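# Chains, contacts and geometry: an overview
These are the residues of each chain, in order.
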Amino acid sequence: MSLAARADRVATNVTPLRPALEAQDEFDLPSRDDIRGIIERVRERLAEVPERASMSDDRLRVLVETNVATVLSLPEVASTLADPVRARAAALDELLGFGPLQDLLDAPKISEIMVNGLDAVFVESKGVLRRTNRSFDSTEQLLRVIDRMVRTSGRRVDQSSPMVDARLPDGSRLNVVLPPLAVDGPSITIRKFTAGHLTTDDLVEQGSLSAEAADFLQAAVASKANVLVSGGTGTGKTTILNILSSFIGRHERVVTVEDAVELSLDLPNLIRLETRPANSEGAGEIAIRDLVRNSLRMRPDRIVVGEVRGSEALDMLQAMNTGHEGSLSTLHANSPRDALRRLETMVLLGGVELPLRAIREQIASAIDVIVQLTRDASGRRFVSSVTEVVGMEGEVVSTADLFLRAAPSQDSPLVATGVSAHRAMGVRA
């Protein structure tokens with residue numbers, strides 16, 4: 001897409017952002033000075049309990065909660081608190097949870113949390129990004145929170161390995177970058193996922209998908225078409241992949257392969273595989289490509305790859321072409337055509353000496369349907385097109401749009417183009 005076309009697209013689809021929230025709202029904390037004093041008093045009391053190091057998590061929690069309640073009841077403390085309930089919650093979050101980020105993680109309205117150093121904490125809610133009054137008192141406090149987060153997933157982040165992808169106990173995706181790579185201080189990015197499972201009915205009700213397209217996708221997955229979900233960052237690829245996976249038959253054996261586990265599939269015969277980073281000696285790394293290859297030996301009916309981003313693309317295509325129909329995956333691309341080009345590039349990155357036509361034939365034979373996702377300027381996410389990969393025409397992979405929006409906006413309906421779907425095993429748009 002040309003620069004002029006991109007500018008026109010933005011100009012015609014910008015909708016007014018929602019009004020900024022008040023300075024003091026549900027995302028803001030009480031005075032840090034109040035909390036700091038409470039925490040210091042509680043820590044002094046805990047230091048007088050020598051056996052705390054050997055306590056179970058449940059006993060330690062009870063001990064901390066009891067001491068917080070005791071400190072809050074002191075007259076010199078209680079008289080200074082404007083909101084004792086929020087002060088108690090903030091103190092417990094600092095002592096037992098993830099500090100100033102804990103209640104943001106608990107808030108269902110928030111979809112993403114971003115920390116840029118000590119005093120810049122941003123949240124995304126309903127597609128709108130805004131800054132909160134959250135801050136960390138010191139680099140030590142921020143690193144302590146990071147350590148707690150990373151330890152829950154069994155991974156590590158330190159000066160020898162200053163970047164990590166992990167998951168939190170609630171399934172949220174965590175990315176951490178430490179200095180000197182993060183110049184302005186430690187960086188945290190958390191992508192939360194919906195607690196309840198969304199369905200195609202929810203997407204239809206929100207206008208993100210049409211009923212006809214939803215029926216087609218359900219039939220395509222059920223009839224074991226290979227589906228690729230394409231979209232930019234934050235467009236909802238994992239959400240759509242979860243929804244599509246719900247159409248897989250419960251009698252099928254499914255193997256999922258992910259960098260950090262994000263998919264939540266309700267299937268009885270499910271194997272979830274997750275990559276492993278190298279240890280401190282630089283050994284022991286297990287990459288997605290290794291897991292995809294191993295999954296072929298696990299007798300899967302389907303393979304679901306959370307995201308294709310490298311040389312594993314060739315192994316996935318070969319799996320789709322050798323009896324593992326109905327496989328699903330996602331990748332980052334701005335259009336179905338870009339998705340096909342990215343697959344070509346990723347196969348070439350694998351170091352396999354294949355002519356370009358052979359790679360394109362593999363892609364044309366393996367991929368049946370591409371679901372393209374878009375996020376507009378107001379933060380709304382929706383399916384912008386459903387495209388069938390028809391096959392090869394000369395040297396080019398041929399595609400046909402089955403469902404398309406007239407304009408790249410959720411207000412423009414997703415309608416059938418009238419083109420028949422030939423490869424989805426009898427499914428017709």
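Just above, that's the structure.
Anyway, here's the lowdown on the structure attached to this text. Nothing here was measured: the structure is a model prediction, and the numbers come from that model. (Residues numbered from 1 in each chain as written. Predicted model: local features only at pLDDT ≥ 70, side-chain atom pairs only at ≥ 80, totals over all residues. Heavy atoms only, no water.)

### Considering the sheet that holds strand 11 (residues 328-332)
Ordered by their spatial adjacency, nine strands build an open sheet running 9-8-10-11-7-12-13-14-15, and the pairing between neighbours is mixed. The sheet terminates laterally at strand 9 (270-274) and strand 15 (414-416), the two strands that pair on one side only. Looking at each pair of strands side by side, their axes are set apart by 30 degrees on average, direction ignored. Here eight bridges tie strand 13 (residues 381-393) to strand 14 (residues 396-405), and the two strands are oriented antiparallel to one another. The residue of strand 14 that forms the bridge with Met392 is Val397. (Pairing = 2+ DSSP bridges. Helix = DSSP H or I, 4+ residues; strand = E, 2+ residues; numbered from the N terminus. Axes fitted to C-alpha atoms, helices over the stretch in contact; angles between N-to-C directions.)

### Here we look at the sheet that holds strand 4 (residues 163-167)
Overall, antiparallel pairing links the six strands, which are arranged 3-2-1-6-5-4 in an open sheet. If you trace the sheet from one side to the other, it starts and ends with strand 3 (128-131) and strand 4, each paired once. Ignoring strand direction, the axes of neighbouring strands in this sheet form an average angle of 15 degrees.

### Looking at the nonpolar core
The biggest cluster of nonpolar side chains holds 32 residues, and the ones touching the most others in it are Leu343 and Ile367. Of all elements in the fold, only strand 8 (254-258), helix 11 (288-295), strand 10 (302-305), helix 12 (312-321), helix 13 (336-349) and helix 14 (356-366) reach the threshold of two or more residues within this core. Per-element tally for this core: the top contributor is helix 12, with six residues. Ala213, Ala225, Leu241 and Leu373 belong to the second-largest nonpolar core, a separate cluster that totals 31 residues. (Core = buried A, V, L, I, M, F, W, Y, C linked by side-chain atoms within 4.5 Å. Buried < 20%, exposed > 50% of the residue type's maximum accessible area, 1.4 Å probe, protein only.)

### Some points on the pairing of strand 4
What you see with strand 4 is a clean split: Val164 and Ala166 sit on the buried side and Met163, Asp165 and Arg167 on the side with no burial. Both strand 4 and strand 5 (residues 173-177) contribute to a ladder of five bridges, which runs antiparallel. Its bridge partner lying in strand 5, Val164 is registered against Val176. Two successive antiparallel strands, strand 4 and strand 5, enclose a turn made up of five residues, where Gly171 displays a positive phi of approximately 95 degrees.

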